Each structure stands twice: as structure tokens, then as C-alpha cells.
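What follows is each chain in one-letter form.
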Amino acid sequence: GALQRELGSRLRPVNPIPWSADDVFSLARVFSSDSPMHRRTFGAHSCYVALGDRVLFCCEDLGRHNAFDKAIGRALIEGIDLRRATVFTSGRTPADMTAKAIRAGIPILVSKAVPTDLAIELARKNGLTLICSAHPDSMRVFNDPLGCAEMRGCGDGLRLEVQGASWEAARVLGSCSEEVALGVC
């Protein structure tokens, strides 16, 4: 409705960049080793900025939006080209956070939690690669504008789910992973 029109009307699509499942799994392993504040409090959200599989830094806060904003702000202050970056967040991925990523030109947004339906729709309309439920051994790809999940394999014992994928993609993915589950958003 109105929120969708408001968020979507001012967005310029991002330029998608290639990504690999191995890089996302590597970032998820770093993320799973915990962040300093979360390790102490078990109540903080984290947001990592990475280039490929290399974490540049982590920002933390009690609020997932604040952690995300801190990470984007630090990247801008440090002159990091967000058009080549991956942002990995601990929290649920709502539409407004997805819109912030698109506005910042971030091509890949990863979360260890789930996205909202509107976040998925915004990602699809604006070329944002959206990967959620990302863990060291599994991930769900909700939007993959370049088809990287289909082109690249993933390691043994790792699960890559493509949400809303075609059966052709399932055949390609099925050849590189032990379990491929397809869902419709």
C-alpha cells in the first residue's frame, strides 16, 4: 500500500555485482563466532561491512537499525566504496532497512534472520542481492539478479535455498549441493 509506494518511489536500482556462496558462508562463519558486545550482553545487534569474504569492520548497537546505520556511516567516513560491498546484519530485514541499503548503493545485503515480504519485493525491483537466514552451513537466496547462485557451486554439506527460483535453477543447483529446497515467497 502506501508504505510500499513511499519506499519504492524514491529508490534508484543498485548495480548488482557477482557474489559467491563460499564468500557468504565464510562471512557467516565470522559472524557466528560472535561480536564483542553480543558476547558480553547477548542483547546486541551487529552489522558487518565486507568486500568479498573479507570483513572490514563490525558495528554494534542494541537496535538493528542503529547497528546498520553505524556501519553505513563508518563506511562512508572511511571512504569505502559501498557499491562493491556486502553488508551482513544480525537482525530481521524489514523494508525500510532494505530501502536504506538500496539508497546507499549496496549491492548485496545478507542477514542471519529473515526478510519481510516488502523487503523481498523492494530487492527484486531494485536489483539488490538479498540473502537471508545465512549461517555457516546454509542460506536462503531471496533475490539474485545476476544468477550467481545458479552459476557457482557450493561446498559439500552446505545448503543453498533459492526462494522463488525456477525449476531450471533447481536442476543447476541440485548438481552442486546435497539438498536444494525451493520455496515461493
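Predicted model only: the values in this text are computed from it and were never measured.

Colleague: Just checking my understanding: could you explain the pairing of strand β6 (residues 138-143) for this structure?
Modeller: For a regular strand, side chains alternate in direction, first toward one face of the sheet and then toward the other. The element β6 is extensively covered by neighbouring structure, given that five of its six residues are classed as buried. Pairing between strand β5 (residues 129-135) and β6: four bridges, direction antiparallel. Residue pairing across strands places His-135 opposite Ser-138, the latter belonging to β6. Two successive antiparallel strands, β5 and β6, enclose a turn made up of two residues.

Colleague: Explain helix α2 (residues 21-32) here, please?
Modeller: Every α-helix carries 3.6 residues per turn, so stepping three or four residues along brings you back to the same face. With twelve residues, α2 extends 16 Å from end C-alpha to end C-alpha; this agrees with the ideal 16 Å at 1.5 Å per step. Where α2 is concerned, the buried positions are Ala-21, Val-24, Phe-25, Ser-26, Leu-27, Ala-28 and Phe-31.

Colleague: What is the right way to look at the packing of aromatic side chains in this model?
Modeller: Any aromatic ring pair is given by two values, namely how distant the centres are and how the planes are angled relative to each other. For the structure shown, the criterion picks out two aromatic pairs. On the numbers, 4.5 Å between centres and 25° between planes, the contact of Phe-31 with Phe-88 is stacked. Of this pair, Phe-31 sits in helix α2 while Phe-88 sits in strand β3 (residues 86-89), and the two are 57 residues apart along the sequence. Take Phe-31 and Phe-88: they sit in the same class, and that class is buried.

Colleague: So what exactly am I meant to see when it comes to the packing of helix α5 (residues 95-103) against helix α6 (residues 117-125) here?
Modeller: Angle between the axes and distance between the axes are the two parameters that describe a pair of packed helices. Following both chains from N to C, one finds α5 and α6 inclined at 20°, their axes separated by 8 Å at the closest point. It follows that α5 is roughly parallel to α6 by the angle criterion. The handedness of the crossing between α5 and α6 comes out as right-handed. In contact with Ala-95, Thr-98, Ala-99 and Ile-102 of α5, α6 contributes Leu-118, Ala-119, Leu-122 and Ala-123. Split into classes, the residues belonging to the contact of α5 with α6 amount to seven nonpolar, one polar and no charged.

Colleague: Can you walk me through the nonpolar core in this structure?
Modeller: Most often, soluble globular proteins keep nonpolar side chains buried together rather than apart. Phe-57, Phe-68, Val-87, Ile-106, Leu-109, Leu-122 and Leu-130 are the most contacted members of the largest nonpolar core, which totals 31 residues. The set of elements that each furnish at least two residues to this core consists of β1 (45-51), β2 (54-61), α4 (64-77), α5, α6 and β5. Excluding residues within four positions of it along the chain, Ile-106 makes contact with Val-14, Phe-68, Ile-72, Leu-82, Ala-85, Val-87, Ala-101 and Leu-128. Tyr-48, Val-110, Ile-131 and Val-162 belong to the second largest nonpolar core, which has 20 residues in total.

Colleague: Help me understand the state of the cysteines in this model?
Modeller: Here, the word disulfide means a covalent bond between the sulfur atoms of two cysteines. Summed over the entire model, instances satisfying the criterion amount to zero disulfides. Just so you know, Cys-58 is unpaired, no disulfide at all, and the nearest cysteine sulfur is the one on Cys-59, 6.6 Å from it.

Colleague: Help me understand the environment of Leu-27, please; the structure alone is not making it clear to me.
Modeller: Examined against the element boundaries, Leu-27 turns out to sit in helix α2. Using a relative accessible area of 5% as the deciding quantity, one classes Leu-27 as buried. Taking the C-alpha atoms as reference, Leu-27 lies 8.8 Å from Gly-52; in sequence the two are 25 residues apart. Beyond its immediate stretch of four places on either side in the chain, Leu-27 contacts Ala-50, Gly-52, Asp-53, Arg-54, Val-55, Thr-86 and Phe-88.

Colleague: Please explain the packing of α4 against α5 as it appears in this structure.
Modeller: Relative orientation of the contacting elements α4 and α5 amounts to 5°, with a least axis distance of 11 Å. The angle between α4 and α5 falls in the class roughly parallel. Contacts between α4 and α5 involve Arg-64, His-65, Phe-68 and Asp-69 from the former and Asp-96, Met-97, Lys-100 and Ala-101 from the latter. Its residues assigned to classes, the contact of α4 with α5 comprises three nonpolar, one polar and four charged.

What counts, and where the lines are drawn
Residues numbered from 1 in each chain as written. Predicted model: local features only at pLDDT ≥ 70, side-chain atom pairs only at ≥ 80, totals over all residues. Heavy atoms only, no water. Buried < 20%, exposed > 50% of the residue type's maximum accessible area, 1.4 Å probe, protein only. Helix = DSSP H or I, 4+ residues; strand = E, 2+ residues; numbered from the N terminus. Pairing = 2+ DSSP bridges. Expected span 1.5 Å × (residues − 1). Phe/Tyr/Trp six-rings, centres within 6.5 Å; stacked < 30°, edge-to-face > 60°. Axes fitted to C-alpha atoms, helices over the stretch in contact; angles between N-to-C directions. Parallel < 35°, antiparallel > 145°, perpendicular 65-115°, else oblique. Left-handed = near helix turned anticlockwise from the far one by under 90°. Contact = heavy atoms within 4.5 Å. Nonpolar A, V, L, I, M, F, W, Y, C, P; charged D, E, K, R; others polar. Core = buried A, V, L, I, M, F, W, Y, C linked by side-chain atoms within 4.5 Å. Disulfide = S-S within 2.5 Å.

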